[in-house]
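Each chain, letter by letter, is given below.
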Amino acid sequence: MTEQALAGVRVVELADELGSYCGRLLADLGAEVIKVEPPGGGRQRNSAPFLAGHEGNPDASLAFWVHNTSKQSVVLDLETEEGRTAARKLALSADILIEDNPVGFLATRGLGYQDLHAAKPSLVYTSITGFGQTGPHAGWAYSDIVGQAMGGIMTLAGEPVDPPNMIYGHQADISASIQAAQGALMALLHAEATGNGQLVDVSAQEAISMSQETAMQTWDFQKKNRVRAGAQGGIPIAIPGSGTLKTKDGYILLYIIAPAGGDLPDLIDWMREEGKAADLDDEPYASLISQLNMGWLTQLMGNPEDAMKYIPLLPHVNEVIATFFADKTSREAYEVGQERRLLIGIVSTPKDLAENTQLRARDWFVQFPEAPAGKPVEFPGPPYRLSESPAIISRPPRLGEHTAAVLGALT
Amino acid sequence: MAKRPLEGIRVADFSWFGAGPIAGNTLSTYGAEVVRVESETKVDALRRVHPFAMNEDGSFKGGYNVSGYFNNFNAGKLSLQLNLNTEKGQEIGYRLIEKCDIFLTNFTPRVIDKWNLHYHQIAKVNPRIIAAYAPMQGMEGPHRDYLGFGAVLTPVTGISEMSGFPNRPPFGVGTNYPDYVINPGHTVTAMMAALRYRNRTGKGQCIELPQVESVVNTLGTAVIEHLANGSNPTRTGNRNPNAAPHGAFRCADDPDSIGSLDRWVVIACRDDAEWQRAAAALGHPEGATDPKFVTLAARKQNEDELESLINSWTKDRKAEEACAALQAAGVPAGVVQNSQDLLDRDEHMRSRGYYQYVEHPEAGREAHDGPAFVLSETPGYIAAPAPLMGEHTMDVCERIIGLNMDEIADLLAEGVLL
């Protein structure tokens, strides 16, 4: 049997929504991850969506499943002396501790960093919170949308007339968990080399803030705020060969005018082959299309006379292209377009992802023989493939499934 | 200063744009020596795009070295300028890889083919190498050569379909979001695991990180809703099935927020107690006892009305003040901050010192994203600015690769080094 990269590493996880994905990454890489849960389970165990027909069952939350694969579950009540004693013993048996409780919560229960570090100096103590362990907002209440707002990404997303948009999928939680996984493993390497553990302090606000893209540097250098620009990205006119278009069954994104791959005339070739180029082969459209790319557009903006000549032609070109794609499925537009070296992306729905040609050909999804709630289910696969020590996903634990075995083995 | 945890690790960074270089940036921040290999025939486009540093007269600085976008992702690296389209250039590349612990690239498989940088090729010169490949679709499979970068990755992975308001088309999230944390963070996680494996077994290995797989892994809830339940969920704006209110609410405009006057406070009430405290904190405790809003189920049912009501409570208040009142009541709340807030006005970010400032020889003083995880005993830091294009070609060739001055001069004359 292949040895996994984190074989022999014990992780104790006192975490819910914010930190569970961190534990999951380590568990899939081979660490023994023991999730300590309160009686009844935490917020994520009790979160919708559930497996159909099992609504409200803490063993059937789909959100819990995908963030807690490959772990063991131990139920302990930290509000009792007995629970705290067992949790402390368990924590001191670990190489890495992951926690996402409000600052000070574990310290008042004898499970804080100072306490545990004194008892076990090699322990890597990973704290994941909304705002980190220090600073004036360290005590602030946190939920994912708070991290997305305070971290600067919502202001960049959405139509200017709408409220700023959050990104789906608890992305502040995910970002914090991914940052924490890197930090915990770096600290583990250091602890294995020197015997010295340490505190890994992750703030969700900081964790996601690099996703502001160029906004931070735009303020730093130019004292301008980047703001949300909606579907057209702040460009006043729709540019042929770019943007989100409707198809027969969904949407695609075109980015044909970008420097990579074929250009607009290559799209017109495809349309012509199917008898749908309409009058785009005639003047004045033909000569417009032959030169229309990002570089030409930039030049055009600096020349009002030419701009006045060409801009009134764009809506018709857009319309002919839109009509062409309105007749195709998203998948056909994506796959045939890409085979023709046109930069087209499918706007994948969850169903499209489940049926994605590439993911299926690569056998990415995993299925558990003995799945949660008794029914075999496919899960999304791992983020990476390691040739010698692969990430292996096994099923998430039922609430308290391993309590007796894990506590029984503690001496 | 304390020794950083990756000191002694050397990285051959053959990457470009966002996802690859950011992984190298994290390694550099934590003490690895990262050699960014730049090829004149494939210049990193980020070197040539905004935001550029400015001159005192308000004009933009020019050239390859003054983009804040590039500089932020390449701090502390060395730049080796090498023509990888030549056989000799590839040979120099191999000699560098021989001296490295980690190899990193996010070029497409076509380019890896052309430059002969596949794992089986580089493992021949360095069997202990940990080689990470992060192309969009993977190194194998029917879509392996599909075109794409962050702008296309966002729709293809499902982020666009699942984000934004349902009455709008799925136009994306305003940035190439997955490039910045998900892909590079997964890459470094896998590298650290592989380093541990090498410490224990002496073996290097190949890490393949298809960007699509990396991102879809984080959207697992939506995908498994289809796989397990057969449903096909879509975007629901700022709402959340387990909380109400859950969204962004309009506050008073802020004339000091440059070019970004509209201000919003986000509020998340995950149970009735949080909702009661939120209504009271905003001065309307009666809102919480209204039968239309008294339970989570009732609030979900009347969510449009709930949101209008809260907007009417917040619209004349300062966002920071509404947020502070909610936080004082223990309600998850935050201001929708812009970069001006994050760099200049957020006292918390400033007190933690997240942004680090360095002096760049051409761009001037510039802000960098600091490490997004803080190691208490072995902290990371930005030790040097991003390299000028080709700044360390001589140093890397002489000190790391072991070429002598005559050899270097010949390679320069032949156009292999630049």
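Going along each chain's sequence as written, the residues are numbered from 1 onward. Following the order in which they are written, the chains are lettered starting with A and the ligands numbered starting with 1. Reporting of local features is limited, given that this is a predicted model, to residues whose pLDDT is at least 70; pairs of side-chain atoms are given and counted only at 80 or more, and all residues count toward the totals for whole chains, interfaces and linings.

**Quick notes on the overall build of chain A**
- Helix and strand content of chain A: 17 helices and twelve strands.
- C-alpha extents for chain A along the principal axes are approximately 85 × 50 × 40 Å.
- Once C-beta atoms are placed from the backbone, each residue is buried if 20 or more other C-beta atoms lie within 10 Å of its own, exposed if 12 or fewer, and partly exposed for counts between those two. Among the 411 residues that make up chain A, the fraction classed as buried is 55%.
- We call two residues in contact whenever the C-beta atoms placed from their backbones are within 7 Å. Within chain A, contacts between residues separated by at least 24 positions form 66% of all contacts whose residues are at least 6 apart in sequence. Secondary structure elements follow DSSP: runs of H or I no shorter than four residues count as helices, runs of E no shorter than two count as strands, and numbering proceeds from the N terminus.

**Notes on helix α14 (residues 303-314) of chain B**
- Under the convention used throughout, the expected extent of a helix is 1.5 Å for every residue step, that is, one less than its residue count. With twelve residues, α14 of chain B should reach 16 Å at 1.5 Å per residue; the first-to-last C-alpha distance of 16 Å fits that figure.
- Buried-residue contacts for α14 of chain B involve β7 (246-251), β8 (263-268), α12 (286-289), α13 (296-301) and α15 (319-328) of chain B.

**Topic: the interface of chain A and chain B**
- Contacts between the two partners involve 123 residues from chain A, matched on the other side by 126 residues from chain B.
- The element that contributes the greatest number of residues to the side of chain A that touches chain B is helix α6 (residues 171-194) of chain A, accounting for 13 residues.
- Three residue categories are used. Nonpolar comprises Ala, Val, Leu, Ile, Met, Phe, Trp, Tyr, Cys and Pro, charged comprises Asp, Glu, Lys and Arg, and polar comprises the others, including Gly. Here the side of chain A that touches chain B is built from residues that sort into 69 nonpolar, 38 polar and 16 charged.
- Judged from the two bridges that link them, strand β6 (residues 198-203) of chain A and strand β12 (residues 374-375) of chain B form a sheet pairing that is antiparallel. By the bridge assignment, Asp 201 of chain A is partnered in β12 of chain B with Val 374 of chain B. One requirement defines pairing of two strands: DSSP has to find at least two bridges between them.

**Observations regarding the domain arrangement of chain A**
- You can read the domains of chain A as domain 1 (10-212 + 365-409) and domain 2 (242-349).
- For every domain, the bounds stem from an assignment made automatically or drawn from a database. Just the C-alpha atoms count here: the centres of domain 1 of chain A and domain 2 of chain A sit 45 Å apart.

**A word on the nonpolar core**
- The biggest cluster of nonpolar side chains holds 240 residues, and the ones touching the most others in it are Ile 252 of chain A together with Phe 103, Ala 132, Ile 207, Val 265, Val 266 and Ile 267 of chain B.
- At twelve residues, α6 of chain A tops the list of elements feeding residues into this core.
- Dropping the residues within four chain positions of it, Val 266 of chain B is found in contact with Ile 145, Val 146 and Ala 149 of chain A together with Gly 247, Ala 248, Ala 333, Gly 334 and Val 336 of chain B.
- Phe 221 of chain A together with Phe 52, Ala 53 and Val 66 of chain B belong to the second-largest nonpolar core, a separate cluster that totals five residues. Residues of type Ala, Val, Leu, Ile, Met, Phe, Trp, Tyr and Cys that are buried and joined through C-beta atoms within 7 Å form what is called a nonpolar core.

**Digging into the packing of helix α1 (residues 19-29) of chain B against helix α8 (residues 182-201) of chain B**
All names here are of chain B.
- Two numbers describe how α1 lies on α8: the axes approach to 8 Å, and their chain directions differ by 50°. It follows that α1 is oblique to α8 by the angle criterion. Seen along the crossing, α1 lies across α8 with a hand that is right-handed. Contacts from Ala 19, Ile 22, Ala 23, Thr 26 and Leu 27 of α1 reach α8 at Asn 183, Pro 184, Thr 187 and Val 188.
- Per-class residue counts for the contact of α1 with α8 are six nonpolar, three polar and no charged. Geometry is summarised by axes, namely lines fitted to C-alpha atoms with helices restricted to the contacting stretch, and by angles between N-to-C directions that run from 0 to 180 degrees. Angles below 35 degrees are treated as roughly parallel, those above 145 as roughly antiparallel, those between 65 and 115 as roughly perpendicular, and all remaining angles as oblique. By convention, the crossing between two helices is left-handed when the near helix turns anticlockwise from the far helix through less than a right angle, and right-handed when the turn is clockwise.

**What about unusual backbone geometry?**
- A cis amide bond, omega 0°, links Ala 48 of chain A with the succeeding residue Pro 49 of chain A.
- If you trace the backbone, Pro 49 of chain A turns up in the loop between β2 (32-37) and α2 (62-67).
- Following His 50 of chain B, the chain continues into Pro 51 of chain B via a peptide bond in cis, with omega recorded as 0°.
- Residue placement: Pro 51 of chain B occurs in the loop between β2 (33-38) and α2 (68-73).
- Positive phi, close to 50°, is recorded for His 170 of chain A, a residue that is not glycine.
- Relative to the elements of secondary structure, His 170 of chain A occurs in the loop between α5 (144-150) and α6.
- Given 29 C-beta atoms within a 10 Å radius, His 170 of chain A is considered buried.
- For Arg 341 of chain A, which is not glycine, the phi torsion reads 65° and is therefore positive.
- Secondary-structure assignment places Arg 341 of chain A in the loop between α14 (330-339) and β9 (344-346).
- Using a count of 15 C-beta atoms within 10 Å as the deciding quantity, one classes Arg 341 of chain A as partly exposed.

**A few points about the domain arrangement of chain B**
- With domains assigned, chain B is organised as domain 1 (10-218 + 352-413) and domain 2 (246-349).
- On a C-alpha basis, the centres of domain 1 of chain B and domain 2 of chain B stand 39 Å from each other.

**Quick look at the packing of α8 of chain B against helix α9 (residues 211-218) of chain B**
Residues and elements named next belong to chain B.
- The contact between α8 and α9 brings their axes to 9 Å, and the two run at 100°. What the angle tells us is that α8 and α9 run roughly perpendicular. Contacts from Ile 182, Asn 183 and His 186 of α8 reach α9 at Gln 211, Ser 214, Val 215 and Thr 218.
- Its residues placed into classes, the contact of α8 with α9 shows two nonpolar, five polar and no charged.

**With respect to the sheet that holds strand β5 (residues 124-129) of chain A**
- Pairing within the open sheet is mixed, and its seven strands lie in the order β3(A)-β2(A)-β1(A)-β4(A)-β5(A)-β6(A)-β12(B). Only two strands of the sheet have a single partner each, and these edge strands are β3 (72-75) of chain A together with β12 of chain B.
- In terms of strand pairing, strand β1 (residues 10-14) of chain A meets strand β4 (residues 96-99) of chain A through four bridges, oriented parallel. Each bridged residue has a counterpart across the sheet, and for Leu 14 of chain A the counterpart in β4 of chain A is Glu 99 of chain A.
- With respect to the sheet, helix α3 (residues 81-92) of chain A is in contact with β1, β2 and β4 of chain A, its orientation differing from that of β2 of chain A by roughly 160°.

**Describing the pairing of strand β10 (residues 356-360) of chain B**
All names here are of chain B.
- One ladder, built from five bridges, connects β10 with strand β11 (residues 364-368); its direction is antiparallel. Note on β11: the bridge partner recorded for Tyr 357 is Ala 367.
- Hairpin connection from β10 to β11: three residues lie between these consecutive antiparallel strands.

**Notes on the pairing of strand β1 (residues 10-14) of chain B**
All names here are of chain B.
- Among the five residues in β1, four count as buried, and that is most of the element.
- Bridge analysis of β1 against β2 gives four bridges, and the strand direction is parallel. Bridge pairing in β2 places Val 11 opposite Val 34.
- Orient the strands so they point away from the viewer; a crossover is then right-handed if the path from the first strand over the helix to the second runs clockwise. Between the parallel pair β1 and β2, the chain is carried across by α1, and the sense of this crossover is right-handed.
- When β1 meets strand β4 (residues 102-105), the two strands line up parallel, connected through four bridges. Following the sheet pairing, Asp 13 is matched in β4 by Leu 104.

**Structural notes on α6 of chain A**
All names here are of chain A.
- For α6, spanning 24 residues, the distance from its first C-alpha to its last is 34 Å, which sits close to the expected 34 Å at 1.5 Å a residue.
- The buried count for α6 comes to 20 of 24 residues, which makes it a mostly enclosed element.
- Downstream of α6 by a residue or two, Gly 195 has a phi angle that is positive, lying close to 85°.

**A word on the sheet that holds strand β7 (residues 242-246) of chain A**
Residue and element names in this part refer to chain A.
- Taking strand neighbours across the sheet as the criterion, the three strands line up as β7-β8-β9 in an open arrangement whose pairing is antiparallel. Every interior strand has two partners, whereas the edge strands, β7 and β9, have only one. On average, adjacent strands in this sheet sit at an angle of 20° to one another, irrespective of strand direction.
- As paired elements, β7 and strand β8 (residues 251-255) share five bridges and run antiparallel to each other. By the bridge assignment, Thr 244 is partnered in β8 with Leu 253.

**Here's the deal with the environment of Glu 13 of chain A**
Residues and elements named next belong to chain A.
- Note that Glu 13 resides in strand β1.
- Sequence separation between Glu 13 and Thr 126 is 113 residues; the distance between their C-alpha atoms is 9.3 Å.
- Setting aside residues up to four positions removed in sequence, Glu 13 forms contacts with Gly 19, Gly 23, Val 33, Ile 34, Lys 35, Val 36 and Ile 98.

**A closer look at the confidence of the model for chain B**
- Confidence of the prediction at every residue is given by pLDDT, a number between 0 and 100. The share of residues in chain B with pLDDT of 70 or more is 100%, and the mean pLDDT across the chain is 96.
- Confidence estimates for the predicted assembly give a pTM of 0.98 and an ipTM of 0.98.

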